[in-house]
Amino acid sequence: MAALFVRQFGHAILEPPCHDKEKALLGFNTRNKSIIVGGYILIPIVQMVQLWGYGFDSSASILSSVAFQWFLLTLAAVCGRVLYLMWEHDFRASMIWFVKLITDPITDIFAYYKSADRIFRLPPTRGSEVTS
């Protein structure tokens, strides 16, 4: 959730407007992504306000509710986008987008694992070099 928020914040706030280029893409545009991230932020806030309204002071009791509502929001966003793409384009285009969405985490691992390895690798210390 935090990574999604930071990434979409970068798209919405820091990137220059590129709505003309986004029209050609099948995925969500920056405005839609911002609305979805806003939904993710609003769900726990509304849950906490409701919880405090009933006089409870433990946020641990709402964790499962927030997680379930996040799941439903994700499901609604993905299914809604697939239906929109089927309506606007065709079934093939909607399935191409859906398969790309599902496989993105896997392809990202292969694309970026070397970067993460370089970031988290500690520099060798004196006397730790292996000699053969």
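Small disclaimer: the values here were computed from a predicted structure and weren't measured.

The next thing to look at is the overall build of the protein chain. Scanning the protein chain from N- to C-terminus turns up five helices and zero strands. Beginning at the N terminus, the succession of helices and strands in the protein chain can be written as α-α-α-α-α. Across the 132 residues in the protein chain, those meeting the buried criterion constitute 17%. As displayed, the protein chain has an accessible area near 10,700 Å², and 68% of this comes from carbon and sulfur atoms.

Counted at 1.5 Å a residue, the expected span for helix 4 (residues 63–88) with its 26 residues is 38 Å, and the 37 Å between its end C-alpha atoms agrees. Looking at helix 4, one finds that the buried residues are Val66, Ala77, Val78, Arg81, Val82 and Leu85.

Scanning the entire structure with this criterion turns up one aromatic pair. Ring centres of Tyr40 and Trp70 lie 6.2 Å apart, and the angle between their planes is 70 degrees; this geometry places the pair in the edge-to-face category. With Tyr40 in helix 3 (residues 30–53) and Trp70 in helix 4, this pair connects stretches of sequence that are 30 residues apart.

So, on to the packing of helix 3 against helix 4. Running from N to C, helix 3 and helix 4 cross one another at 160 degrees; their axes reach a closest spacing of 9 Å. Considering their axes alone, helix 3 and helix 4 lie roughly antiparallel with respect to each other. When you trace helix 3 past helix 4, the crossing you get is right-handed. Packed against helix 3, whose contacting residues are Asn32, Ile36, Gly39, Tyr40, Ile43, Pro44 and Gln47, the element helix 4 presents Ser65, Val66, Gln69, Trp70, Leu73, Thr74, Ala77 and Arg81 at the interface. Across the contact of helix 3 with helix 4, the residue classes tally to eight nonpolar, six polar and one charged.

Its place among the elements puts Ser94 in helix 5 (residues 91–120). On the accessibility criterion, Ser94 (0% relative accessible area) is buried. Residues within four places of Ser94 in sequence aside, it is in contact with Val82, Leu85 and Met86.

For helix 3, spanning 24 residues, the distance from its first C-alpha to its last is 34 Å, which sits close to the expected 34 Å at 1.5 Å a residue. Those residues of helix 3 that fall on the buried side of the exposure criterion are Thr30, Ile36, Val37, Gly39, Tyr40, Ile43, Pro44, Gln47 and Leu51.

What follows concerns a nonpolar patch on the surface. A cluster of nonpolar side chains, namely Ile41, Ile45, Met48, Val49 and Trp52, defines an oily patch on the protein surface of about 470 Å² accessible area. Relative to the helices and strands, Ile45 resides in helix 3.

Let us now look at the confidence of the model for the protein chain. On average, residues of the protein chain score 77 in pLDDT, and 64% of them reach the 70 mark or higher. Across the protein chain, element-level confidence peaks in helix 4 with a mean pLDDT of 92 and bottoms out in helix 2 (residues 19–22) with 57.

How each quantity is defined
Residues numbered from 1 in each chain as written. Predicted model: local features only at pLDDT ≥ 70, side-chain atom pairs only at ≥ 80, totals over all residues. Heavy atoms only, no water. Helix = DSSP H or I, 4+ residues; strand = E, 2+ residues; numbered from the N terminus. Buried < 20%, exposed > 50% of the residue type's maximum accessible area, 1.4 Å probe, protein only. Areas by Shrake-Rupley, 256 points an atom, 1.4 Å probe, with all protein chains shown as cover. Expected span 1.5 Å × (residues − 1). Phe/Tyr/Trp six-rings, centres within 6.5 Å; stacked < 30°, edge-to-face > 60°. Axes fitted to C-alpha atoms, helices over the stretch in contact; angles between N-to-C directions. Parallel < 35°, antiparallel > 145°, perpendicular 65-115°, else oblique. Left-handed = near helix turned anticlockwise from the far one by under 90°. Contact = heavy atoms within 4.5 Å. Nonpolar A, V, L, I, M, F, W, Y, C, P; charged D, E, K, R; others polar. Patch = residues over 30% accessible without salt bridge, like charges linked within 9 Å, V, L, I, M, F, W, Y side chains within 5 Å. Salt bridge = Lys/Arg side-chain N within 4 Å of Asp/Glu carboxyl O. pLDDT = per-residue confidence, 0-100.

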